[in-house]
Each structure stands twice: as structure tokens, then as C-alpha cells.
Amino acid sequence: MKNIVVLTGAGMSAESGIATFRDADGLWEGHDVMEVASPEGFYNNPELVLEFYNQRRAQLKSVKPNQGHFRLQKLEENYNVHIVTQNVDDLHERSGSTSVLHLHGELRKVRSIKNEQLVYSWEEDLVLGDLCEEKSQLRPHIVWFGEAVPMIDQAVELVEKADVLVIIGTSMQVYPAAGLVNYVQHGAPVYFIDPNPSVKESDFNNLTIIKEGASKGMEQLLTVLL
Ligand SMILES: NC(=O)c1ccc[n+]([C@@H]2O[C@H](COP(=O)([O-])OP(=O)(O)OC[C@H]3O[C@@H](n4cnc5c(N)ncnc54)[C@H](O)[C@@H]3O)[C@@H](O)[C@H]2O)c1
């Protein structure tokens, strides 16, 4: 079977009711991103940051995968599909996709602030005083702005082996994720699904833009790929 690699961003989950950044003027649920998604923000006001991610984690219980997620899962009938997501929600997993690499971390995990190898599943609220087994404070398992992206090398390897690359719902402004498209093999088709795409077809070799939301866009793409 051919390999399809799918890069997804916040727009993938928009139809599930999870807000994106750019559609809200660069705010994440009303907050300046540096306030809630940077090490400095955490240092300045850890309670606010923990509460912000507690709310995001709690929201997962009330949202569901959308048709875009389910249609992506359907590609697995005919292709080896690897999803590389910038999203920290769990909607790809809940729609049944079997290979999901989270570049920017996961809401349902936390880790030690001192030893990043100590990662734990976490379903409830996280507060100051919740400690890892080495007695250091736990923080959300999220890659914040300015932090290294440990999964990027694995993502590059996947993209290099893609026969087809699909990009859904990302403004292509957050690096290194946005640079992944540059690793695709010459000649491999690239499909970009976004109602408000930030790229033009002439920007990349073999690029087709589907100017739709994730559900409709995936419906169109399935007619091409299946
Ligand atoms: N669901 C989540 O996990 C979530 C939500 C918000 C932010 N984030 C984080 O914020 C960063 C934001 O960067 P980004 O590029 O992913 O998002 P972004 O907010 O910068 O861009 C969102 C993109 O989605 C598009 N979009 C809007 N509605 C859509 C729809 N129905 N279908 C398809 N596309 C749609 C927009 O046109 C835009 O190009 C990421 O690093 C991510 O970790 C994650």
C-alpha cells in the first residue's frame, strides 16, 4: 500500500467546536498565546496556565471528532496513513486513526518540570502541588513557544517516505511544523485543505488546494484518492 502522510492543525478540529488561534486574532480562547503557551507565561503565572489547560482538557469530554476526522480514518482501508498533528486534542485517536504523532504534545498527558522523561496520563485538573515521582511539580505535556519539538525528526522521516502528502487546517505559521512540507519527495502530490488557505498552488511543486473546511474537503479528497 502507498504511504499517505497527513499534517493537521487547529482547523482540523474547528468543526468539532474547538477554536483555532488565527480565526480569533491570534488569541487562544481569549488569551495572548505567550501568556498561556510559553515557559515565561508559566513562570509568571503558573495557576493561570494550569487552569487554561485544565479547561482545554475538560473540553475534550464535551467535543467529538467531526466527519473530517472520520474520513481521514477511512483512508486506512487503502493506504498506510500516518498523521502528524499540531493539535493537542485527542480527536484523531477517537475517530480511530491508528498512527498519530503529536508534534506539540497532548492535553491528556502531563510531565515533570525537571525531568521531561517523566510523562503521565492525566484526566483531571492539574494544580500546583501535583508532583512527579521525583517530587517535582507537574506541568502540561505541551510544547510551548520557544521550546524544542522532540518529535520533529520522526515527523521528517515520515514525510520523506510519503507518496502523497495531505495538509489540513493549518496557517503554516508555526515552525518547525510548517517546514515539514519541504521534505516531501519531488513529484509526490500535495493536497492542502483549508477554507482560508495561507498558500498558493504556485508555492509548492504539485500542490492542489481544496478551499473547504475539513469535512467537505476530505469528502472531495476521498473521491480523488479512493
Ligand atoms: N485543537 C487543538 O489542539 C488546538 C487548538 C488551537 C490551537 N492549537 C495549537 O495552536 C497552534 C496553531 O497553529 P495551527 O496552524 O494549527 O492553527 P492556526 O489557528 O494558526 O490556523 C488554523 C487554520 O485552520 C483553518 N480553518 C478554520 N476552520 C477550518 C475548518 N473548518 N476546516 C479546516 N481548516 C479550517 C484556518 O483557515 C487556518 O488556516 C498549533 O501549534 C496547535 O498546537 C491546537
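Please refer to the structure higher up on the page.
Visitor: Run through the overall build of the protein chain, naming residues and quoting values.
Guide: The secondary structure content of the protein chain amounts to seven helices and eleven strands. Relative to the compact-globule value of 17 Å for 226 residues, the protein chain shows a C-alpha radius of gyration of 18 Å, a close match. Reported as C-alpha extents along the three principal axes, the dimensions of the protein chain are approximately 50 × 30 × 30 Å. Within the protein chain, the fraction of its 226 residues that count as buried is 51%. Considering only residue pairs separated by 6 or more positions, the protein chain has 62% of its internal contacts joining residues 24 or more positions apart. When the accessible surface of the protein chain is totalled, it reaches about 11,000 Å², and 49% of it is carbon and sulfur. Treating the 19 positive side-chain charges of the protein chain as one cloud and the 32 negative ones as another, the clouds have centres 3 Å apart.

Visitor: Give a description of the pattern of salt bridges that names residues and reports values.
Guide: Counted according to the given criterion, the structure contains nine salt bridges. Between Arg94 and Asp90 there is a salt bridge whose closest N-O contact spans 3.1 Å. When its relative accessible area of 8% is taken as the criterion, Asp90 is described as buried. For Glu123, the salt bridge is made with Arg108, and the minimal N-O distance between the two is 3.0 Å. You can see Glu123 sitting in the loop between strand E7 (119–121) and strand E8 (138–142) and its partner Arg108 sitting in strand E6 (residues 105–112), a full 15 residues away along the chain. Given a relative accessible area of 36%, Glu123 falls into the partly exposed group. Because the salt bridges share partners, they merge into one network encompassing Asp90, Arg94, Arg108 and Glu123.

Visitor: Give a detailed account of the side chain of Ser136, specifying residues and quantitative values.
Guide: Tracing the chain through its elements places Ser136 in the loop between E7 and E8. Overall, the relative accessible area of 9% leaves Ser136 in the buried class.

Visitor: Any chance you could break down the pairing of E6 for me, citing the residues and the numbers?
Guide: With six of its eight residues buried, E6 lies for the most part within the structure. Taken together, the five bridges between E6 and E8 define a ladder with antiparallel strand orientation. Along E8, the bridge assignment pairs Gly105 with Ile142. One ladder, built from three bridges, connects E6 with E7; its direction is antiparallel. From the neighbouring strand, Lys109 faces E7, where its bridge partner is Ser121.

Visitor: Which residues make up the sheet that holds strand E11 (residues 207–210), and what values do they have?
Guide: Read from one edge to the other, the open sheet built from six strands follows the order E5-E4-E1-E9-E10-E11, with strand pairing classed as parallel. Unpaired on one side and paired on the other, strand E5 (100–102) and E11 mark the two borders of the sheet. Averaged over all pairs of adjacent strands, the angle between strand axes in this sheet comes to 15°, irrespective of strand direction. Two elements, strand E1 (residues 3–8) and strand E4 (residues 80–85), share six bridges in a ladder whose sense is parallel.

Visitor: Go over the packing of aromatic side chains with me, naming the residues and quoting the values.
Guide: If you walk through the whole model with that rule in mind, you get seven aromatic pairs. Each ring, one from Tyr53 and one from Trp144, has its centre 6.3 Å from the other, and the planes form 40°; the classification is tilted. Within this pair, whereas Tyr53 is found in helix H3 (residues 46–59), its partner Trp144 is found in the loop between E8 and helix H6 (152–160), the two being separated by 91 residues in sequence. Taking relative accessible area as the criterion, Tyr53 reaches 0% and is therefore assigned buried.

Visitor: Give a detailed account of the environment of Asp163, specifying residues and quantitative values.
Guide: Mapping Asp163 onto the fold places it in the loop between H6 and strand E9 (164–168). Take Asp163: its relative accessible area is 30%, and that puts it in the partly exposed class. Linking Asp163 and His186, residues 23 residues apart in sequence, is a C-alpha distance of 9.8 Å. Leaving out residues up to four positions away in the same chain, Asp163 has contacts with Lys2, Asn3, Gln185, Ala188 and Pro189. Within polar-contact distance, the side chain of Asp163 engages the backbone nitrogen of Asn3 at 2.7 Å.

Calculation rules
Residues numbered from 1 in each chain as written. Predicted model: local features only at pLDDT ≥ 70, side-chain atom pairs only at ≥ 80, totals over all residues. Heavy atoms only, no water. Helix = DSSP H or I, 4+ residues; strand = E, 2+ residues; numbered from the N terminus. Rg over C-alpha atoms; globule rule 2.2 N^0.38 Å. Buried < 20%, exposed > 50% of the residue type's maximum accessible area, 1.4 Å probe, protein only. Contact = heavy atoms within 4.5 Å. Areas by Shrake-Rupley, 256 points an atom, 1.4 Å probe, with all protein chains shown as cover. Lys, Arg positive; Asp, Glu negative; His and termini not counted. Charge placed at Lys NZ, Arg CZ, Asp CG, Glu CD. Salt bridge = Lys/Arg side-chain N within 4 Å of Asp/Glu carboxyl O. Pairing = 2+ DSSP bridges. Axes fitted to C-alpha atoms, helices over the stretch in contact; angles between N-to-C directions. Phe/Tyr/Trp six-rings, centres within 6.5 Å; stacked < 30°, edge-to-face > 60°. Polar contact = N/O pair within 3.5 Å; in protein donor to acceptor, adjacent residues only side chain to side chain.

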